[in-house]
Amino acid sequence: MKELSQAILNSKKSKIRKLFDMLLQSGPEAISFGIGQTDFTTPAFIYDGIIQALREHKTLYAPALGIPQLRKAIAEKFRNENQLSWIKTENTIVTNGGSQALTLTYAVLSNPGDEMILSSPNFISYYYLADYFHIKCVEVPRQEDYSPNIEMIKEKISSKTKFILINSPNNPTGYVYSESEIKAIVDLVQDHDLYLVSDEVYEKFLYNRAVHISPGSYPGMDERTITLNALSKSFGATGLRCGYIGASLPIIQNMEKYIQYTTAGVNHPVQYGAVRALKQSEKMNFPDIIERYNKKRIFCVKRLRELQFEVVEPQGAFYLMPKLNQAWKMTADEFSEDLVKEQKVACVSGTAFGSFSENSLRISYATTDEKLEEGFNRIEKFLKNRNLI
Ligand SMILES: Cc1ncc(COP(=O)(O)O)c(C=O)c1O
């Protein structure tokens, strides 16, 4: 038989999936710190919109760009919440979750031989999509506090660089870019005639005084920025598969072609729920959610420090990325696999998130307080059984 696509053959099964497979075999007492979704689910005001759309038989194809009401609501959201004053309805497209927003972005920007730059560790799909679209992913290690190394990013820019990709608040580190870091990236993009991809799916998850800044709001960034977002994290709606993009008209027009010939649009009734989500987002009561998540975040930082991990306190998203104590002489792959086998607790090894985090774990605290407490007690037991603490 002839060989299948090399780009896909060479991409390994996601470490997160492998971990979940192991966890599934662990039975009911398994605890997952591996999951990238909230512990709350989609509220009724959103799914009522979907149910009503179903009753009205909105089950034929939707327009490839998305239904006009939703595109209008997306444009309003970008203007009001993200200060992207240049965005009109025509600058938007509805996608199958944040994941398809990323796929479309890579599809319209990449030519074979091009390069893209990101800071590692970073979200798993960015690396695989680069292979699928035959674009070289140039990784720049984050600094000790997980901030971007702007000088090194600048050094890595070449005539082949097509775009810089940022994700703030970040999965897996929880890092939130400061205003000066966003400005520095914007300057690099403008000085070197690049595009900037800004993945903002965690924009609502901010702690202390952290603020989210959309780089597309800077003067001159309208042609250069692709801003992507999704209902998944903010609205507890990972299963609805609804995301969206704001970008310049030529970019949106090319994305429309790609959607037409690949997925032929996004789930039609779900888009009516998404209109309600964006137009009535105050019903989510984000301050309450953030207060709850902030308590979980503080608890995890405290427990990890007690257990002698090295921790950078995250300011956003719902992840922490602690480093294993060097004295333990364990890799994160070993730690993660042994922990799930012995204590039935799943934490993802840092090796899933690029080249510079082989001694780190990603912990998601988007779970109940009881599970957090029990999970950390089991990690303590795991370390004590090995006389590591
Ligand atoms: C940074 C980041 N971007 C995009 C996505 C994809 O989101 P969705 O579930 O909407 O496809 C995720 C999901 O975990 C993510 O963490």
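Right above here is the structure, for reference.
Fair warning: this is a prediction, and the values are worked out from it, not measured in the lab.

Conventions used here
Residues numbered from 1 in each chain as written. Predicted model: local features only at pLDDT ≥ 70, side-chain atom pairs only at ≥ 80, totals over all residues. Heavy atoms only, no water. Helix = DSSP H or I, 4+ residues; strand = E, 2+ residues; numbered from the N terminus. Rg over C-alpha atoms; globule rule 2.2 N^0.38 Å. Buried < 20%, exposed > 50% of the residue type's maximum accessible area, 1.4 Å probe, protein only. Contact = heavy atoms within 4.5 Å. Pairing = 2+ DSSP bridges. Axes fitted to C-alpha atoms, helices over the stretch in contact; angles between N-to-C directions. Left-handed = near helix turned anticlockwise from the far one by under 90°. Nonpolar A, V, L, I, M, F, W, Y, C, P; charged D, E, K, R; others polar. Expected span 1.5 Å × (residues − 1). Polar contact = N/O pair within 3.5 Å; in protein donor to acceptor, adjacent residues only side chain to side chain. Near = heavy atom within 4 Å. Areas by Shrake-Rupley, 256 points an atom, 1.4 Å probe, with all protein chains shown as cover. Core = buried A, V, L, I, M, F, W, Y, C linked by side-chain atoms within 4.5 Å. Domains from an automatic or database assignment.

## Concerning the overall build of the protein chain
No. 1: Secondary structure assignment for the protein chain yields 13 helices and twelve strands.
No. 2: For 389 residues, the compact-globule estimate of 2.2 N^0.38 gives 21 Å, and the C-alpha radius of gyration of the protein chain, at 21 Å, lies within 12% of that figure.
No. 3: Projecting the C-alpha coordinates of the protein chain onto the three principal axes gives extents of approximately 60 × 55 × 55 Å.
No. 4: For the protein chain, with 389 residues in total, the buried portion stands at 57%.
No. 5: Put simply, of all contacts in the protein chain between residues at least 6 apart along the chain, 76% involve residues at least 24 apart.

## Comments concerning the side chain of Thr367
No. 1: You can see Thr367 is positioned in the loop between strand 12 (361–364) and helix 13 (369–385).
No. 2: Other than its neighbours up to four places away in sequence, Thr367 contacts Ser32, Phe33, Asp39, Lys296 and Leu372.

## Overview of the pairing of strand 2 (residues 92–95)
No. 1: Across the two faces of strand 2 the burial is the same, with Thr92 and Val94 and Ile93 and Thr95 all buried.
No. 2: Bridge count for strand 2 against strand 8 (residues 243–246) is four bridges, and the pairing is antiparallel. Each residue of the ladder has a partner; that of Val94, found in strand 8, is Tyr244.

## Remarks on the packing of helix 5 (residues 97–109) against helix 6 (residues 124–132)
No. 1: Running from N to C, helix 5 and helix 6 cross one another at 35°; their axes reach a closest spacing of 10 Å. The way helix 5 lies across helix 6 gives a crossing that is right-handed. In contact with Leu102, Thr103 and Tyr106 of helix 5, helix 6 contributes Tyr126, Leu129 and Ala130.
No. 2: Partitioned by chemical class, the residues of the contact of helix 5 with helix 6 number five nonpolar, one polar and no charged.

## Points about helix 10 (residues 268–279)
Side chains that are three or four residues apart share a direction in an α-helix, a result of its 3.6 residues per turn.
No. 1: Its twelve residues place the ends of helix 10 18 Å apart at the C-alpha level, agreeing with the 16 Å of an ideal helix rising 1.5 Å per residue.
No. 2: Along helix 10, ten of the twelve residues are buried, which leaves the element largely enclosed by surrounding structure.
No. 3: Close packing links the buried residues of helix 10 with helix 3 (44–55), helix 4 (68–82), strand 2 and strand 8.
No. 4: Two to three positions downstream of the cap, the backbone nitrogen of Val270 sits 3.2 Å from a side-chain oxygen, assigning the N-cap of helix 10 to Asn267.

## With respect to the site of the ligand
No. 1: Within the structure, the ligand sits among 14 residues, and Gly98, Ser99, Asp199, Tyr202 and Ser232 are positioned closest to it.
No. 2: A distance of 2.7 Å separates an oxygen atom of the ligand from a polar backbone atom of Gly98.
No. 3: The side chain of Lys233 places a nitrogen or oxygen atom 2.7 Å from an oxygen atom of the ligand.
No. 4: Its free accessible area being 390 Å², the ligand has 92% of it covered by the protein chains.

## Concerning the sheet that holds strand 9 (residues 319–320)
No. 1: Across the sheet, three strands lie side by side as 9-12-11; this open sheet has antiparallel pairing. Since the sheet does not close on itself, it has two edges, and those belong to strand 9 and strand 11 (348–349), each with one partner.
No. 2: With two bridges connecting them, strand 11 and strand 12 associate as antiparallel partners. By the bridge assignment, Val348 is partnered in strand 12 with Arg362.

## Side note on the sheet that holds strand 4 (residues 136–141)
No. 1: If you trace the seven strands from one edge of the open sheet to the other, you get 2-8-7-6-5-3-4, paired in mixed fashion. Among the strands making up the open sheet, the edge pair consists of strand 2 and strand 4. Taking the axes of each pair of neighbouring strands and ignoring which way they run, one obtains an average angle of 20° across the sheet.
No. 2: Against the sheet, helix 6 contacts strand 3 (115–120), strand 4, strand 5 (161–167) and strand 6 (195–199), and its axis sits at roughly 160° relative to strand 3.

## What about the nonpolar core?
No. 1: Grouped together as the largest cluster of nonpolar side chains are 68 residues, with contacts concentrated most on Phe309, Phe335 and Ile379.
No. 2: Take this core: its biggest share by element is seven residues, from helix 11 (residues 286–306).
No. 3: Taken together, domain 1 (6–41 + 285–385) and domain 2 (46–283) each give at least three residues to this core, which thus spans both.
No. 4: Excluding residues that lie within four positions of it along the chain, Ile379 makes contacts with Phe33, Leu307, Phe309, Phe335, Leu339, Val345 and Cys347.
No. 5: In terms of nonpolar packing, the next biggest core, distinct from the first, is built from 34 residues, Tyr146, Ile157, Leu196 and Val348 among them.

## Some points on helix 5
No. 1: Between its first and last C-alpha atoms helix 5 spans 19 Å; for 13 residues at 1.5 Å apiece the expected length is 18 Å, and the two agree.
No. 2: Where burial is concerned, most of helix 5 is hidden: ten out of the 13 residues are buried.
No. 3: Buried within helix 5 are the following residues: Gly97, Gly98, Gln100, Ala101, Leu102, Leu104, Thr105, Tyr106, Ala107 and Leu109.

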